[in-house]
Amino acid sequence: MGLLAIGTPLDWPEAKKVASHVRSWGIEQLLAIWRRAKGKERDALLWGDEIEYLVVCYDDENRKVRLSLRQADILAALATDEKLLEQGGGVPDVQRGHVKEGETAPVFHPEFGRFMLEATPGKPWGIGFKDLLDVEPNMKWRRELAKDHMEATEYPITLTTYPRLGTNDFTVPQYPVSGDKLRSQFVPDEIANPHIRFPTLAANIRSRRGRKVEINVPVFRDENTPWPFKDPTVNYDLHQWPEDDDVRNGAAKENHVYMDAMAFGMGSCCLQITFQAKNIEEGRKMYDQLTPLGPILLALTAATPVYKGFLVDTDVRWNQISRAVDDRTPEELGEKPLKNDRWRLPKSRYASNSTYISQDARLRKGYLDPTLVIDSELKQRLLDGGMDDLLATHFAHLFIRDPIVVFAEDLEELDLEKADHFENLQSTNWQHIRFKPPPPGSDIGWRVEFRPMEIQITDFENAAFSVFMVLITRAILSFDLNFYIPITKVSKNMENTHIRDAVSSQKFWFRKNPFPPRSGRATSAHGTASPATASRPATPLGPVEDEYELMTINEVMNGQETGFPGLIPLVESYLNSMNVDVETRCELARYLDLIRKRADGTYWTAAKWIRHFVQTHPEYKKDSVVSEGINFDLLKAAETITENEGRDGVGAEMFGKRRQ
């Protein structure tokens, strides 16, 4: 959830006039934060997870399931639950109880869609192994709390997207489409959270582009799929808004499912992990070393094979969200010569990382993007303010964007004790890893947010991936691991993750040797030897190209016979070095085993399971269509899997048949 301010928002023509002003003030606030916090130290790593839910409403009599737009009512019920408040839980934006010394109840937050909820632990997790074992029970508690404050026909489900978002009759209550803010053929304005930030964000992105957002996802071609495929849901005769001309001008691509609103991206659910570093240097190192891991974890958690009631030929959500908030003009996209805009922009503001930021001797020039677009004037201001070149370059890249939501009240004076202008740009640069300075006036430290993972159907899976990310981060810091590859290869890997069944069918660029020179290493793909800690390596020798190669996900995660040791063996080496007790080690092994078998193909991704469910459903006509009946049975099956976690055999392809 991004910055939620309150005020009088400017429409895009007015916001455009003050964009440079907001950027300049944002840089001054950033410098003030940096000066205050660059020496900030924390004792230990803290971390947190974010779970996002779709709220669905079942109509069993008619075998229909719709999205419930009762987010506000559900949050109000949670915020006024006295027992929950006594336990320290609630809704921070409305009311919550005091954080407890011991167990603190979860807290809930609004999200973009009125059919969504976000839940987080009531206070950050610590580094202790006991905390790792508490994550899964806490996630189950969150879901139970959410369900307890819903109607009997509603359920908080963890699917990335609602499979029939944008079809006929898919919300409760139902509203007409083609409202003033989204101007969508497929979804009503009322689908979005009514907080002024969200409709303004959607409207100003559309206005800045000069047309609606354009999301085209290749349709999955089955035996009876009409070919060439022309999305049958597109209305070419709609004339309510000027943007209705988009489809007549070719916005809907042949052989693709077409979508036209921010809701098709920001209405997606994901699993995010935020780490607090002990200081800025550790945070910068985590940011860099986690960056190459992003595409790998996205492929492992792939869960999005259906859009707008059609099977599609991709497995993950990332590019769809990227296009759903893409505010680039035709000039910035390279469709027209530069005349009114400052530069061509190769990526949407929702994209994979484009920078490395650590002052690490192993960071070679060859890893950086030679074509990186930055605002040179703002970079110089940061340099003049004392910031180093790498970090100044990072923020000067983020600040090539315009602020999309500007509140008139915020323009009255610059307050260096706040971060509103900085966060205006920071929070609308949705990279797959986000580097987060400490908020002014708080005790919070430097943080790194890991954003690429798709939400999983069960709390067991979500806990497994959360715990794994904590453990690999600890291994990186303990063993001084080096995963650097050229940042452009990370971008290529992110594209590869979209390919159907990429986890098994594709190879990804990854570093061959993660260890510092002269250190020990894991003995094999299944070895248990701990890498020895080494001093800083000497200047690397040889071409950058010799340092990485294409690997399968299985090789990245489980290791090669000779070569890369594997992320899971590295985690196991870390656990060995920590002398973890047998009981805790056995519990953690359940999580590592899930990820190990997901990587080697033994267990399916949710995307593969959903695709198989649809294709083997008796109502499926092999025409790529996910009908209302199929959708109903799919979501009912997902609920069953959530509750039983494979103990009854349903969904066991994703994580095995679990013990009773």
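These notes cover the structure that comes with them. The structure displayed is predicted, hence computed values, not measured ones. (Residues numbered from 1 in each chain as written. Predicted model: local features only at pLDDT ≥ 70, side-chain atom pairs only at ≥ 80, totals over all residues. Heavy atoms only, no water.)

## What to know about the overall build of the protein
Looking only at helices and strands, one finds 24 helices and 19 strands in the protein. In terms of overall dimensions, the protein is globule-like: its C-alpha atoms have a radius of gyration of 24 Å, near the 26 Å expected for 660 residues. Principal axes of the C-alpha set define a box for the protein whose edges measure 70 × 60 × 55 Å. For the protein, with 660 residues in total, the buried portion stands at 62%. Counting only contacts in the protein whose residues sit at least 6 apart along the sequence, the fraction spanning at least 24 positions is 75%. (Helix = DSSP H or I, 4+ residues; strand = E, 2+ residues; numbered from the N terminus. Rg over C-alpha atoms; globule rule 2.2 N^0.38 Å. Buried < 20%, exposed > 50% of the residue type's maximum accessible area, 1.4 Å probe, protein only. Contact = heavy atoms within 4.5 Å.)

## Section: the pattern of salt bridges
Throughout the structure, instances matching the rule amount to 55 salt bridges. With a shortest N-O distance of 2.6 Å, Lys140 and Glu645 are connected by a salt bridge. Of this pair, Lys140 sits in helix 5 (residues 129–148) while Glu645 sits in the loop between helix 23 (628–644) and helix 24 (652–655), placing them 505 residues apart in sequence. Judged by its relative accessible area of 26%, Lys140 is partly exposed. The class of Glu645 is buried, set by a relative accessible area of 1%. With a closest N to O distance of 3.9 Å, Lys418 and Asp420 form a salt bridge. Residue classification places Lys418 among the partly exposed residues on the basis of a relative accessible area of 39%. A residue is classified by how much of its surface remains accessible, and Asp420, at 16% relative accessible area, is buried. Beyond isolated ion pairs, a larger network of salt bridges with shared partners links Arg23, Arg208, Asp327, Glu332, Arg349 and Asp402. (Salt bridge = Lys/Arg side-chain N within 4 Å of Asp/Glu carboxyl O.)

## Things to note about unusual backbone geometry
For the bond from Val172 to Pro173, the omega torsion is -5°, close enough to zero to count as cis. In the segment running from Trp227 into Pro228, the intervening peptide bond is cis, with an omega of 5°. A positive phi angle, close to 70°, is found at Ser178, a residue other than glycine. For Ser178, a relative accessible area of 5% translates into the label buried. Even without glycine at this site, Lys308 takes up a positive phi of about 55°.

## Considering the nonpolar core
General note: in soluble globular proteins, nonpolar side chains tend to be found buried as a group. Ranked by size, the top nonpolar core spans 189 residues in total, and within it Phe468, Met557 and Leu567 carry the most contacts. Looking at this core element by element, the count peaks at 14 residues for helix 16 (residues 459–479). In terms of nonpolar packing, the next biggest core, distinct from the first, is built from 9 residues, Leu363, Tyr367, Tyr484 and Ile487 among them. (Core = buried A, V, L, I, M, F, W, Y, C linked by side-chain atoms within 4.5 Å.)

## Here's the deal with the packing of aromatic side chains
Overall, the coordinates contain 21 aromatic pairs when judged by the stated rule. An angle of 65° between the planes, with centres 5.8 Å apart, marks the rings of Phe395 and Phe422 as edge-to-face. Taken as a pair, Phe395 in helix 14 (residues 389–398) and Phe422 in helix 15 (residues 420–426) lie far apart in primary sequence, 27 residues in all. Of the residues examined, Phe395 reaches a relative accessible area of 0% and is grouped as buried. Above the ring of Phe220, the side-chain terminus of Arg611 is found at 5.5 Å from the ring centroid. The ring of Tyr58 has Lys636 lying over it, and the distance from NZ or CZ to the ring centre is 4.0 Å. (Phe/Tyr/Trp six-rings, centres within 6.5 Å; stacked < 30°, edge-to-face > 60°. Lys NZ or Arg CZ within 6 Å of the ring centre and 35° of its normal.)

## Topic: a negative patch on the surface
Taken together, Glu409, Glu412, Glu413 and Asp415 make up a surface patch of like negative charges. Mapped onto the elements of the fold, Glu409 is located in the loop between helix 14 and helix 15. (Patch = residues over 30% accessible without salt bridge, like charges linked within 9 Å, V, L, I, M, F, W, Y side chains within 5 Å. Areas by Shrake-Rupley, 256 points an atom, 1.4 Å probe, with all protein chains shown as cover. Lys, Arg positive; Asp, Glu negative; His and termini not counted. Charge placed at Lys NZ, Arg CZ, Asp CG, Glu CD.)

## Focus on the pairing of strand 6 (residues 116–120)
Extensive coverage of strand 6 is indicated by the burial of 5 of its 5 residues. Side-chain alternation along strand 6 places Met116, Glu118 and Thr120 on one buried face and Leu117 and Ala119 on a second face that is also buried. Between strand 5 (residues 107–109) and strand 6, which follow one another and run antiparallel, lie 6 residues. (Pairing = 2+ DSSP bridges.)

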